[in-house]
Amino acid sequence: MKDNVLKIVNECGSNCTLIAVSKTKGVDLIREVYDSGIRDFGENKVQELLSKIDLLPNDIRWHMIGHLQTNKVKDVVGRVYLIHSVDSLRLAREISKCSVKKGVVSNILLEVNIASEESKYGFSVSELDTSYNEIKDLENINVLGLMCVAPNQSGSENRVYFKKMKKLSDELNLSVLSMGMSNDYKEAILEGATYIRVGTLIFGKRDYDIN
Ligand SMILES: *Cc1c(COP(=O)(O)O)cnc(C)c1O
């Protein structure tokens, strides 16, 4: 495990950070990855995330990477380092409202449905600009950048989508770009990812996939 982690970190270079996606995995395994030097971990379910936060070292930066329901926003705001999966104006408004109430500023990314897939969450490319302009003015929210989950196919096939993401990010003058998973992280790095989110390659296959 450690060798895998160090290899991927090395491939990231200095402009990109590896997020170890620990969903469905237990705290003992997570601690092993932590001990190899990783401090960024990603989860996609609120309850699972909260239970792990309490059991693991408090210098971990927790990333919420899964679809977030508005009624769970209050449980997440103030507890995570970055919310990657903001996929609607309604959700962004709720994060803003909750952040004001708690007296915190929430860092968020806007999720883009870059390949226009029926099964995926995210803003369409055509609505991104307008949505960004509304969301960036909400109180107690910092829109740091963009995120996507590319189609479930090879990295060479997804490279075109990563290129599009980088272009959108540059057009909006944003600095954070979260893209690339076990199957396509190398191409994501080549196209300018600043976070890659890798689960399977680090932790092994998941018994069940809850995403
Ligand atoms: C599960 C998940 C990942 C990691 O996927 P792997 O293929 O296991 O590397 C990355 N991003 C999101 C949003 C996920 O839900």
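What counts, and at which threshold
For every chain, the first residue of its written sequence is number 1, and the numbers climb from 1 along that sequence. Predicted model: local features are reported for residues with pLDDT of at least 70 only, side-chain atom pairs are reported and counted for 80 or more only, and whole-chain, interface and lining totals are derived from all residues. For side-chain calculations, the full set of non-hydrogen atoms in the structure is used, while hydrogens and water are omitted. Helical segments are the DSSP runs of H or I of at least four residues, strand segments are the runs of E of at least two, and each set is numbered from the N terminus. In this description the radius of gyration comes from C-alpha coordinates, and the expected globular size is given by 2.2 Å times residues to the power 0.38. Each residue is placed in one exposure class: buried if its accessible area under a 1.4 Å probe, protein chains only, is under 20% of its type's maximum, exposed if it is over 50%, and partly exposed if it falls in between. Throughout, nonpolar core names a set of buried Ala, Val, Leu, Ile, Met, Phe, Trp, Tyr and Cys residues whose side chains join them through atoms within 4.5 Å. Here a residue-residue contact requires only that any non-hydrogen atoms of the pair lie within 4.5 Å. Each Phe, Tyr or Trp ring (for Trp, its six-membered ring) is paired with any other whose centre lies within 6.5 Å, and the angle between the two planes then decides the class: stacked below 30 degrees, edge-to-face above 60, tilted in between. Note on criteria: charge over ring means Lys NZ or Arg CZ within 6 Å of the ring centre, with the direction from the centre no more than 35 degrees off the ring normal. Two cysteine sulfurs form what is called a disulfide whenever their separation falls within 2.5 Å. Only heavy atoms are used to decide nearness, and a residue is near a molecule or strand if one of them lies within 4 Å of it. Here the Shrake-Rupley method, with its probe set to 1.4 Å, supplies the accessible areas, and only the displayed protein chains count as covering residues. Following the grouping adopted for this structure description, the nonpolar residues are Ala, Val, Leu, Ile, Met, Phe, Trp, Tyr, Cys and Pro, the charged ones are Asp, Glu, Lys and Arg, and the polar ones are all others, Gly among them. For this document, the term salt bridge refers to a Lys or Arg side-chain nitrogen within 4 Å of an Asp or Glu carboxyl oxygen. It is the directions from the helix axis to the C-beta atoms that the arc portrays. In this description, strands pair whenever DSSP reports at least two bridges between them. With its strands directed away from the observer, a crossover is right-handed exactly when the path from the first strand over the helix to the second travels clockwise.

**Q** Tell me about the overall build of the protein, and please be specific about residues and values.
**A** Each helix and strand counted, the protein has 9 helices and 8 strands in total. Since a compact globule built from 211 residues should have a radius of gyration of about 17 Å, the 16 Å found for the protein is in line with a globular shape. Oriented by its inertia axes, the alpha-carbon framework of the protein measures out at about 45 × 40 × 30 Å. Relative to its 211 residues, the protein shows a buried fraction of 50%.

**Q** Lay out the nonpolar core with the relevant residues and their values.
**A** In summary, soluble globular proteins display a tendency toward joint burial of nonpolar side chains. Counting residues in hydrophobic clusters, the biggest one holds 59 residues, and the most contacted among them are F41, L110, L146 and I196. With residues up to four places along the chain from it excluded, the contact list for F41 reads I19, A20, S22, I30, V33, Y34, I60, R61, W62, H63 and F203. Judged by nonpolar contacts, the second largest core, of 7 residues, contains I19, L82, M147 and V176.

**Q** Let's hear about the packing of aromatic side chains: which residues, and what values?
**A** Overall, the coordinates contain 1 aromatic pair when judged by the stated rule. The aromatic ring of Y34 is capped on one face by R39, whose charged end is 3.5 Å from the ring centroid. Sitting over the face of the ring of Y81, R61 holds its NZ or CZ atom 5.9 Å from the ring centroid.

**Q** So what about the state of the cysteines? Which residues, and what values?
**A** Counting across every chain of the model gives 0 disulfides. No disulfide involves C148; its sulfur sits 13 Å from the nearest other cysteine sulfur, which is in C16. Among the residues examined, C148 registers a relative accessible area of 1% and is labelled buried.

**Q** Describe the site of the ligand, naming the residues involved and giving the relevant values.
**A** Neighbouring residues of the ligand: 12 residues in total, closest K23, S182, G199, T200 and R206. Isolated, the ligand exposes 390 Å² of accessible area, and the fraction of that covered by the protein chains is 94%. Class assignment for the residues of the shell around the ligand results in 5 nonpolar, 4 polar and 3 charged.

**Q** Outline the pattern of salt bridges, supporting the account with residue identities and numerical values.
**A** Counted according to the given criterion, the structure contains 15 salt bridges. Across the pair D59 and R39 runs a salt bridge whose closest N-O atoms are separated by 3.2 Å. Separated by 20 residues along the polypeptide, D59 in the loop between α3 (46-55) and β3 (61-64) and R39 in the loop between α2 (27-35) and β2 (40-43) bring together distant segments of the chain. Between K97 and E94 there is a salt bridge; the shortest N-O distance is 3.6 Å. You can see K97 and its partner E94 sitting in helix α5 (residues 89-102), 3 residues apart, about one turn around the helix. On the basis of relative accessibility, which here comes to 23%, the residue E94 falls in the partly exposed class.

**Q** Help me get a handle on helix α1 (residues 2-12), residues and values and all.
**A** Taken together, the buried positions of α1 are occupied by V5, I8 and C12. Along the long axis of α1, the arc covered by the buried residues comes to 70°, so they all point the same way. Structural note: α1 exposes D3 and N10 on the side pointing more than 90 degrees away from its buried face. Packed against the buried residues of α1 are β1 (17-21), α2, α8 (185-190), β8 (195-198) and α9 (200-203). Downstream of α1 by one or two residues, G13 has phi in the positive range, about 65°.

**Q** Lay out unusual backbone geometry in plain terms, naming residues and giving numbers.
**A** Here the phi dihedral of T24 falls at roughly 70°; this positive angle occurs in a residue that is not glycine. Take T24: it is sitting in the loop between β1 and α2. Phi angles above zero are rare outside glycine, and N173 is one such case at about 65°. Residue position: N173 is located in the loop between α7 (155-171) and β7 (176-178). You can call N173 exposed: its relative accessible area is 70%.

**Q** Pulling in residues and values, what's your account of the pairing of β3?
**A** Note that β2 and β3 share 4 bridges and pair parallel. In the sheet register, G42 faces β3, and the bridge partner there is H63. Between the parallel pair β2 and β3, the chain is carried across by α3, and the sense of this crossover is right-handed. Sheet analysis places β3 next to strand β4 (residues 82-86), joined by 2 bridges and oriented parallel. Across the sheet, H63 pairs through a bridge with L82, a residue of β4.

Distances and angles like these do not, on their own, reveal function.
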